[in-house]
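# Fold and geometry: a report
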Amino acid sequence: MTYLAINIGNFHPVLVHLPIGIIVFAFVLEIYQRLRPKENLASVIKLALGFGAIAALASIGTGLLLESNGAYDETLLFRHKWMAISLTAVTIFLFFAKTAKQKWAGQSYFPLFITANIMLILAGHWGGSMTHGEDFLTKVNTKEIIIEDVDKALVYNDIVQPIFDRKCVSCHNAKKAEGKLLLTSQTEFLAGGESGSILDSVDAGKPLLAHRMTLPLEDEEHMPPKGKVQLTPNEIDLIHWWLENDNCFNCITSDLERSKKIQSHLNDLEADTSTRALLAKNLEPVPETWPALLSSVGISAYPLKKGSPLYIVNLSNRKDLQENSFSLLEDYAEHIVELNLGNTNFNDTLVPVLSDFENLTKLQLQNTPITDKAMEEVRKLDKLESLNLYGTGVSNAALDVLEQMPSLQDLYLWQTEITDEGINSFLAEHANIAVHTLDEDLFGETELLPPTIIADSDFFKNELKVEMSYPFDDTAIYYTLDGSIPDSTSTAYIAPIVLKNTTNVNAITYKKGWGQSEVVSASYKKSTMDYEGITLNKPPNEKYKAQGGNTLIDLKRGSGNFVDGNWVGYEGTHFNATLALGEKKEVSSVSVGALSAPASWIFYPTGFKVSVSDDGKNFKSWHTEKLPEQKPSSLVEKSFFDLSFPATTAKYVRVEVKSILKNPSWHQNPGGKSWLFVDEIVVN
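Keep in mind it's a predicted model, so treat the numbers as computed, not measured.

The next thing to look at is the overall build of the protein. Helix and strand counts for the protein come out as 16 helices and 25 strands. Computed over the C-alpha atoms, the radius of gyration of the protein is 35 Å, more than 25% above the 26 Å expected from 2.2 N^0.38 for a compact globule of 684 residues. Taken along its principal axes, the extent of the C-alpha atoms in the protein is 115 × 70 × 65 Å. Of the contacts made within the protein by residues no fewer than 6 positions apart, 65% connect residues no fewer than 24 positions apart. As displayed, the protein has an accessible area near 36,000 Å², and 52% of this comes from carbon and sulfur atoms. Across the protein, 60 positive and 85 negative side-chain charges occur, with their mean positions spaced 11 Å apart.

Have a look at this one:
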């Protein structure tokens, strides 16, 4: 019976809003009636008052049951309860007085109606104060934890207690002590509640506090309870870290050992005094029409993050840039902190337009025809922190100009006229600037082009004919079918090749005195499985969703152009696909087709996980494979990744594709969110 009463009492927060809305609605109708006497609303008003009285009685009933909880401030509870009871009595009187014949009832009706609304406000205020604290109407919303120097922060006072204040104190304060537990100070924290100390071990040595934070959300002991603002994963990690360090109350951050993960969480708490953060505070948002206008003329502009007034503008690969190409950017030039002009015709003549973008912190000029002359204009960008000059015509003279840039932190150089001696000398004098270079051998072009590999399809059921061609007859073609790198001793191509199994074809051209070309590869997959359907655990990015999951089983390979409609793209996240085989079948391999285009922030997967199931609900992990770190490259490539494992039977196969998540350190934009593009998944 007690259990039933407690559950019914918990309906009070739901029911209490009904009389509030109904009584206010009736009062509005009463005012309208008095302003428009010809409108006959008496019966409607009386009906509303009747429903209001019934709702108020229901609220009082559930409130009295909830009162037995004992977790509320007695003074506030007394005021709230008796004001609500009085309000209910007045509402019942108003119901009968609305159409009463007695003169005294008519005279007291409207003044009491006004009084009822005042009582409604007071009852609501005291009820809210019990739940949220007495200053819940006037207090400023608690802001994120901001610490000036996280290494000097007191772990409990500056990190842990503020988390409690934001997420726990609304239920564990002097006015409302759920479980008789207070979390407003160290003393109260250590005192514990009706369950004892929240530091006592209850689950494999885990303190009660940590145990309840990590219970499933549906568990009635989970804290904070369902419906309240939950702790973030970062906050949970920080509290666990504090508990693991003997929940010390006087230690500072630098006293405790920190993993990279915890250090990252701590860094997030530190006040952001970066150039971009300071700019964001002083700039108003741009109109929504501006990015749309830019998009209509082929200019990509998007905010650094949702709600930010700072923008990234991408003009890369444009070969038609003129001075007027930048005119639409001028109105909000101060909002642009990143400008990508890589692989364009941007040159020394156009470089003066950069003076309009005084707040640039990152500028990409890779593979443009600029020279040392352009550096004089670039030098004027005093907030510039990152500059990419890969593949440009700058020389050592440019370094003399760049050293005058006060904010420069990252300089990207490769295939320029700058010598190694010049770079070493520059680094010796400017240790605060990181100069990024790549091994030219990784990108060196051969004088011979590789052959063209031709087939009707990338997939086949029984067999497939593959041909190779090269425009010059005096050049030989050599190939391998076993995955090895071909050379002039490999099999010579004479006639079309007939494939009967999944094969990776590698080929080169060779000419005496010229050497050999780069290797060209093509993957052809034998697909013996028909699928009943496919399900993705999360939708692809809206811009690269193609045909959703069906794109991965349509036996169509994507091209080197990732916007061709045959690729699904995910930004900064892993994903998995579940393939339904229709009936139980033997499986022993999975192949995943992926794209690599580092210049467009697209990278190959870093690994895979294959799981199998007979019912589509309970999956068993069957094979995991991690790929080696991707080497620096500027090429656009696509490849199949073949995963072989011991044969098993299954009706469902789930393939998780792991993303690199962020651009690697060698990339022109290290740390930026990377992309994962997949075009096909084949199960055999």
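With that settled, consider the pattern of salt bridges. This model, assessed by the stated rule, comprises 16 salt bridges. The closest approach of N and O atoms between Asp382 and Lys383, which form a salt bridge, is 4.0 Å. The partner of Glu542 in a salt bridge is Lys545, and the shortest N-O contact between them spans 2.8 Å. Residue classification places Lys545 among the partly exposed residues on the basis of a relative accessible area of 38%. Linked through salt bridges whose partners overlap, the residues forming this network are Arg276, Glu338 and Lys362.

The sheet contact formed by strand β21 (residues 575–596) and strand β24 (residues 637–658) spans 17 bridges and is antiparallel. The partner of Ser591 across the bridge, within β24, is Asp642. Relative to β24, strand β22 (residues 607–613) runs antiparallel, the two being bridged by seven bridges. Residue Ser613 lies in a different strand from β24, and its bridge partner there is Tyr652.

Quick look at the nonpolar core now. Among the nonpolar cores identified, the biggest contains 46 residues, and Phe346 and Leu363 are the most heavily contacted of them. At four residues, helix α15 (residues 396–402) tops the list of elements feeding residues into this core. For Leu363, the contacting residues outside a window of four places in its chain are Leu339, Leu341, Leu354, Val378, Leu381, Leu384, Ser386, Leu387 and Asn388.

Next up on the list: the packing of helix α7 (residues 155–167) against helix α10 (residues 233–244). Across the interface, α7 lies against α10 with an axial gap of 11 Å and an inter-helix angle of 135 degrees. When the interaxial angle is binned, α7 and α10 end up oblique. Our pair here, α7 against α10, has a crossing hand that is left-handed. For the pair α7 and α10, the contacting residues are Val155, Tyr156, Ile159, Val160, Ile163, Phe164, Arg166 and Lys167 in the first and Glu235, Leu238, Ile239, Trp241 and Trp242 in the second. Partitioned by chemical class, the residues of the contact of α7 with α10 number ten nonpolar, no polar and three charged.

A separate point is the sheet that holds strand β4 (residues 311–314). Spatial strand order, β3-β4-β5-β6-β7-β8-β9: seven strands in an open sheet with mixed pairing. The open sheet is flanked by β3 (300–303) and β9 (434–436), the only strands paired with a single partner. Across the sheet, the mean angle from the axis of one strand to that of its neighbour is 15 degrees, orientation sign disregarded. With four bridges joining them, β4 and strand β5 (residues 336–340) adopt parallel strand pairing. Bridge pairing in β5 places Asn314 opposite Asn340.

Turning our eyes to something else, we now look at the packing of α10 against helix α11 (residues 260–269). Packing of α10 against α11 brings their axes to within 10 Å, and their N-to-C directions diverge by 115 degrees. Considering only the axes of α10 and α11, their crossing is left-handed. Residues Asn234, Asp237, Leu238 and Trp241 of α10 pack against Lys261, Ile262, His265, Leu266, Asp268 and Leu269 of α11. The class makeup of the residues in the contact of α10 with α11 is five nonpolar, two polar and three charged.

Residue Asn343 is not a glycine yet carries a positive backbone phi of 60 degrees. Secondary-structure assignment places Asn343 in the loop between β5 and β6 (362–364). In this structure, Ala546 takes a positive phi of about 45 degrees despite not being glycine. Among the secondary structure elements, Ala546 is positioned in the loop between β19 (533–536) and β20 (568–571).

Read from one edge of the open sheet, three strands run β10-β12-β15, paired in antiparallel fashion. Each edge of the open sheet carries a strand with a single partner, namely β10 (452–455) and β15 (497–499). Taking each pair of neighbouring strands and ignoring which way they run, the sheet shows an average axis angle of 30 degrees. Here three bridges tie strand β12 (residues 464–469) to β15, and the two strands are oriented antiparallel to one another. Bridge pairing in β15 places Leu464 opposite Leu499.

Okay, the packing of aromatic side chains next. In this description, an aromatic ring pair is defined by two values, namely the gap between the centres and the angle between the planes. In this structure the tally under the stated criterion is 21 aromatic pairs. Here the aromatic rings of Trp290 and Tyr311 are separated by 5.5 Å at their centres, their planes lie at 75 degrees, and the arrangement is edge-to-face. With Trp290 in helix α13 (residues 289–296) and Tyr311 in strand β4, this residue pair connects regions lying 21 residues apart in the sequence. Taking relative accessible area as the criterion, Trp290 reaches 4% and is therefore assigned buried. Exposure remark for Tyr311: the relative accessible area of 9% places this residue in the buried category.

By the secondary structure assignment, Val466 is in strand β12. The spacing of Val466 and Met529 is 63 residues in sequence and 22 Å in space, taken between C-alpha atoms.

For strand β25 (residues 675–683), the tally of buried residues reaches nine of nine residues, placing the bulk of the element in the interior. Pairing of β20 with β25 involves four bridges; the strand directions are antiparallel. Bridge pairing links Val568 to Val678 in β25. Relative to β25, β21 is paired through five bridges, and the arrangement is antiparallel. Paired with Val590 across the two strands is Val683, which belongs to β25.

Residue placement: Thr573 occurs in the loop between β20 and β21. Not counting chain neighbours up to four residues away, the residues in contact with Thr573 comprise Lys538, Ser659, Leu661 and Leu676.

The next thing to look at is the side chain of Thr503. In this structure, Thr503 sits in strand β16 (residues 503–511). A polar side-chain atom of Thr503 sits 2.7 Å from the main-chain carbonyl oxygen of Asn501. Sequence-distant contacts of Thr503, that is, excluding residues within four places in its chain, are made with Leu481, Ala522, Ser523 and Tyr524.

Turning our eyes to something else, we now look at a negative patch on the surface. On the surface, Glu323, Glu330, Asp331, Glu334, Asp356 and Glu358 cluster together into a negatively charged patch. In this fold, Glu323 is placed in the loop between β4 and β5.

The next point concerns the confidence of the model for the protein. For the protein, the mean per-residue pLDDT works out to 82, and 90% of the residues sit at or above 70. Predicted confidence is poor over residues 1–6, with pLDDT under 50, and the contacts of this stretch with residues over four places away or in other chains come to one contact. Taken as a whole, residues 439–446 scores under 50 in pLDDT and shows 13 contacts with residues more than four places along the chain or in a different chain.

Reading the values: the criteria
Each residue is numbered by its place in its chain's sequence as written, counting from 1. Per-residue local features are limited, in this predicted model, to residues with pLDDT of at least 70; the limit for side-chain atom pairs, both in listing and counting, is 80 or more; totals at the level of whole chains, interfaces and linings are taken over all residues. Hydrogens and waters are ignored; side-chain quantities use all the structure's heavy atoms. Per the convention used, a helix needs a DSSP run of H or I reaching at least four residues, while a strand needs a run of E reaching at least two, with both numbered from the N terminus. A radius of gyration in this sense is built from C-alpha atoms; the matching globule rule multiplies 2.2 Å by the number of residues raised to 0.38. Note on contacts: a residue pair is in contact if any heavy atoms of the two residues lie within 4.5 Å. Per-residue and other accessible areas were derived by the Shrake-Rupley procedure at a 1.4 Å probe size, with only the shown protein chains allowed to occlude residues. Charged-residue counts in this description rest on Lys and Arg as positive and Asp and Glu as negative, His and the chain ends being excluded. Positions of charges follow a simple convention, taking NZ of Lys, CZ of Arg, CG of Asp or CD of Glu. For this analysis, a salt bridge means a side-chain nitrogen from Lys or Arg found within 4 Å of a carboxyl oxygen belonging to Asp or Glu. Exposure categories follow from relative accessible area, calculated using a 1.4 Å probe and restricted to protein chains: below 20% of the type maximum is buried, above 50% is exposed, and the middle band is partly exposed. Here, strands pair whenever DSSP counts at least two bridges between them. For our purposes a nonpolar core is just a set of buried Ala, Val, Leu, Ile, Met, Phe, Trp, Tyr and Cys residues, chained together by side-chain atoms within 4.5 Å. To obtain each axis, a line is fitted to C-alpha atoms, and for helices this fit is confined to the stretch in contact; angles are then taken between N-to-C directions over 0 to 180 degrees. Note that the term roughly parallel is reserved for angles under 35 degrees, roughly antiparallel for angles over 145, roughly perpendicular for angles of 65 to 115, and oblique for everything else. Note: crossing handedness is left-handed where the near helix turns anticlockwise from the far helix by less than a right angle, and right-handed where it turns clockwise. Put simply, Ala, Val, Leu, Ile, Met, Phe, Trp, Tyr, Cys and Pro go in the nonpolar bin, Asp, Glu, Lys and Arg in the charged bin, and everything else, Gly too, in the polar bin. Only centres within 6.5 Å qualify two rings of Phe, Tyr or Trp (six-membered ring in Trp) as a pair; their planes then separate them into stacked at under 30 degrees, edge-to-face at over 60, and tilted for everything else. Polar contact is the term for a pair of N or O atoms within 3.5 Å; when the atoms are in protein, one must be able to donate a hydrogen and the other to accept it, and sequence-neighboring residues count only if both atoms are side-chain atoms. Exposure above 30% relative accessible area and the absence of a salt bridge qualify a residue for a patch, where like charges join within 9 Å and nonpolar side chains (Val, Leu, Ile, Met, Phe, Trp, Tyr) within 5 Å. Confidence of the predictor at the level of single residues is given by pLDDT, which spans 0 to 100.

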